[in-house]
Amino acid sequence: MTPTAIMLLGLFAFASIVTIIVIFTKAEQQRSFTQYREKTITTLMPTRLQAYERITLYLERIDPTNMVIREQLNVNTSQELHTLMITSIRQEFDHNIAMQIYISEASWSRVLRAREEIMKTINDCAKETNPKASSLELARKVLESAPNECSFYVNRALSGLRNDINGYFTTK
């Protein structure tokens, strides 16, 4: 065997070993990534589901119909009810604001829009009501306006949340 043939044979053997090492390394990286991804999903999924549950509960709690029923008995005047409802919406929001990192950006935008529309409706109804009037007067105006003004945005946000959750469980 000539020195050139030996050199070519050695070069071929070296290239083969490097190729095997590269293939093995890539396979090992892929396996490690898959394990990491599965572990992340199993760790993160319960937290994500809890975030969707909390945001759903938030939307239900700030729904004007539910708020009027819950808060109206605690106050006497229209102004007190207005203040209590707006404060309640803000406190609920502040309590749940961290949940935005676990839900889709589109769903979070719909939640914000529903919140804005609810607050706008309550504020508009309060402007039309004498602040010293009975809380029942503001409650009546809110209950008359809410189905027209707020329901669309609340239902849209809830529908988006449901679609997100269904997407997690649909095979791709």
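Note that this is a predicted model, so its numbers are computed, not measured. (Residues numbered from 1 in each chain as written. Predicted model: local features only at pLDDT ≥ 70, side-chain atom pairs only at ≥ 80, totals over all residues. Heavy atoms only, no water.)

K.L.:
What am I meant to see in the side chain of S78 here?
P.N.:
Within the secondary structure layout, S78 lies in helix α3 (residues 78-96). The buried category is assigned to S78, whose relative accessible area is 2%. Once residues within four sequence positions are removed from consideration, S78 is found in contact with T129, N130, P131, A133, S134, S135 and L138. (Helix = DSSP H or I, 4+ residues; strand = E, 2+ residues; numbered from the N terminus. Buried < 20%, exposed > 50% of the residue type's maximum accessible area, 1.4 Å probe, protein only. Contact = heavy atoms within 4.5 Å.)

K.L.:
What should I look at first to understand the nonpolar core in this one?
P.N.:
Grouped burial of nonpolar side chains is what soluble globular proteins tend to show. Core analysis: the largest hydrophobic core is formed by 34 residues, its most contacted members being I55, L59 and I89. Elements with a minimum of two residues in this core: α1 (3-62), α2 (64-71), α3, α4 (105-127), α5 (135-149) and α6 (151-169). A per-element tally of this core places α4 first, with eight residues. With sequence-adjacent residues up to four places away left out, I55 is seen in contact with N96, M99, I103, W108, V111 and L161. (Core = buried A, V, L, I, M, F, W, Y, C linked by side-chain atoms within 4.5 Å.)

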